[in-house]
Amino acid sequence: MPKSNLKPIGLGVLTVILLVLPFILTAYYVDIMIMLLINILVVVSFRFIALTGDFSVAHIPLMGAGAYASALMGLRLGLPFWLTLPLAGLTAALVGLVMCYPLLRMKAFAFFLGSYAAGEAMRLSWIRFRNPFGGHTGITNVPPPESIPLPGLGTIDFAEVIPYYFLTLGVTALCLVIMYRLEKFRIGDTLKAIHSEDNLVKSVGINVTTYRALAFLIGSFFAGISGVLLVHRLGAVDPYQFSLAATLYLLVWVVVGGLGTFAGPIIGVVTLTVISELIRGFVEWVPLVYGFILIAILLFLPEGLEGLPKKMQLMAKRVMKHAGQ
Amino acid sequence: MNIIELVGLRKQFGELVAVDDIDLSIERGELRGLIGPNGSGKTTLFNLITGFIRPTKGKIMWQGQNIVGQPPHAIAKKGIIRTFQLTTLLKEMTVLQNVVIACHLHTNMGFFEQFLMTAGTRAKEKAVERRAISLLEAMGIADVKDELAGELPHGHQRALGIAIALACEPQLLLLDEPVTGMNPIETKHMMDRIKMLRDNGITILLVEHNMKAVMTTCKKITVVNFGEKIAEGSPQEVSEDKNVIEAYLGRGETYA
């Protein structure tokens, strides 16, 4: 079968599976799927920022910014979900913009630490200011998205798991398509060039800082969106959901999956989610297994699981060579 | 008519004086050579002119304006473009992609157009590609346009570096050792191309260690040592200058 046919067929099969799954699985697993989709959005948007070489450790806190923003806009301002979703995303992007001022003076490891500090500062302000953020306990009673009445058929109630699954699937798919296309266009090349040789990019008249900021804003926007999807499913938000532990999971997902391709981080988060579900019975073992997998990847497959097809090709070639001798 | 003037330019790194009160003027349309022993301040001068470092004192007058303090991308927009040492290419991208990215500066692609793939954008992208290919043809490397930049032989990588610089439509081109490491035939071809660029109206400041290349190509040469200008003139004058001979060229040799 020619290679060019594989991709659309594969995507088609995947789409069918994703559409049918919620009706086959139990509610518990559909919930897992919802969380998985949200986490996929988180890793892909993280990678978008990382195209320039900037690892934003403020990413998870900015997800929280989106969650808090949507919760507050819904509860305090009475805005409907369909409005708070994009607005909360914009809020996260705006907070990211403010963070850019100090952060973009830093590169590499300094940026890594600085972004951690910025995110943590924001998270601590949620704990410090009970009004409006609710302090340690956060915000509860966050309503699900408004139901959609279908004349003659009933209503779509987003408090239920299957409708919420399709909502999450639709929003996540749209966001992924946007980021995929952005990467394929000129802007994607420019961002990768900045990662590769930023002095060269400067010398041809491109303002590197502007592009780093742009990547940061776009990535943070989508982090905010994922936060909105999270808070309206859980019905509550608290600062401990976005602590360093959550960021560490993010980092393990991207290392295991790889950051070189669009699919890499997705492979990472899916693989680790499946594995942690399989060992659910031994919940204390989860961090141990994560650590084990992380070390194994770093030792044997440092580019991440995304590099596996290539590596297997190379190994197959080597085996063929030896067999031929 | 002077296209660029360095006035009393000084750069100190703590105690170390890398550039020591240099005055240097280049006329429009010149092909000026800049030579000096290693550590004499040539690279620092390039970095100062292109905004990668700020001078401790002095002015850089570009078309009547002092450009000191401008960031590198702004200076590139003004028409001053530099090449780098060999390793500064987008190695994971193709030769063509390298040049296309550099064409960015002169494409009328609005910020938001980059996000969409409208018919208009597609047409502009095609035009940019055609322009990039013609630049590669001018440097003689159009046949390797789809190879990865990191896998090219040395000479082609150098040519690509210049093609990238040309994509920015420079008025002043700062060439950083364009023929270092090349054999005599490659060197001659490259220097001929550089002369052609000058004939097409680009002012060029050329740093090179290959004495024969510089002396046979440039009509005027500036010599620096320890951050100071020690001589300036025709190849004949410079090769006969006592200070230059002492610092650099060795006794008794002339390159008329």
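Basis of the calculations
- Residues numbered from 1 in each chain as written.
- Chains lettered and ligands numbered in written order.
- Predicted model: local features only at pLDDT ≥ 70, side-chain atom pairs only at ≥ 80, totals over all residues.
- Helix = DSSP H or I, 4+ residues; strand = E, 2+ residues; numbered from the N terminus.
- Buried ≥ 20, exposed ≤ 12 C-beta atoms within 10 Å, placed from the backbone.
- Contact = placed C-beta atoms within 7 Å.
- Pairing = 2+ DSSP bridges.
- Axes fitted to C-alpha atoms, helices over the stretch in contact; angles between N-to-C directions.
- Right-handed = clockwise from strand over helix to strand, strands pointing away.
- Domains from an automatic or database assignment.
- Nonpolar A, V, L, I, M, F, W, Y, C, P; charged D, E, K, R; others polar.

This part is about the overall build of chain B. Of regular secondary structure, chain B possesses 9 helices and 10 strands. Per-residue burial over chain B gives 42% buried out of 256 residues. Summarising the internal contacts of chain B: among those between residues at least 6 apart in sequence, 65% fall at separations of at least 24.

Another point: the sheet that holds strand β1 (residues 2–13) of chain B. Residues and elements named next belong to chain B. What the 4 strands build is an open sheet, ordered β2-β1-β4-β5; its pairing is antiparallel. Each edge of the open sheet carries a strand with a single partner, namely β2 (16–27) and β5 (65–66). Relative to β2, β1 is paired through 8 bridges, and the arrangement is antiparallel. Pairing of leucine 6 across the sheet is with leucine 24, part of β2. Here helix α1 (residues 42–49) sits on the sheet in contact with β1, β2 and β4 (57–62), set at roughly 65 degrees to β2.

Attention now moves to the pairing of strand β7 (residues 172–176) of chain B. Residue and element names in this part refer to chain B. Of all 5 residues making up β7, 5 are buried, and the element is well covered by its neighbours. Judged by which residues are buried, β7 turns out to be covered on both faces: Leu172, Leu174 and Asp176 on one side and Leu173 and Leu175 on the other are all buried. Where strand β6 (residues 80–82) and β7 come together, 3 bridges link them in parallel fashion. Paired with isoleucine 80 across the strands is leucine 172, a residue of β7. Pairing geometry for β7 and strand β8 (residues 203–207), over 5 bridges, is parallel. Residue pairing for β8: leucine 174 is matched across the bridge by leucine 205. Taken together, β7, helix α6 (residues 184–199) and β8 form a β-α-β motif whose crossover is right-handed.

Moving on, we come to the domain arrangement of chain B. All names here are of chain B. Annotation of chain B at the domain level lists domain 1 (1–79 + 170–256) and domain 2 (85–169). Opposite the 11 residues of domain 1 that make contact, domain 2 presents 11 residues. Secondary-structure elements contributing two or more residues to the side of domain 1 that touches domain 2 are α2 (72–78), β7 and α6.

Our focus in this paragraph is the domain arrangement of chain A. Residue and element names in this part refer to chain A. The domain architecture assigned to chain A consists of domain 1 (25–242) and domain 2 (245–325). For domain 1 versus domain 2, the separation of C-alpha centres amounts to 25 Å. Listed by contribution, the elements that provide at least two residues to the side of domain 1 that touches domain 2 are α2 (27–50), α3 (59–75) and α7 (161–184). Of all the elements, α2 adds the most residues to the side of domain 1 that touches domain 2, at 10 residues. Residue classes in the side of domain 1 that touches domain 2 are distributed as 12 nonpolar, 3 polar and 2 charged.

Further remarks concern the interface of chain B and chain A. On the side of chain A, 17 residues touch chain B, which itself brings 23 residues to the contact. Listed by contribution, the elements that provide at least two residues to the side of chain B that touches chain A are α2, β6 and α3 (95–103) of chain B. No other element matches the 4 residues that α2 of chain B contributes to the side of chain B that touches chain A. Residues that form the side of chain B that touches chain A fall into these classes: 13 nonpolar, 6 polar and 4 charged.

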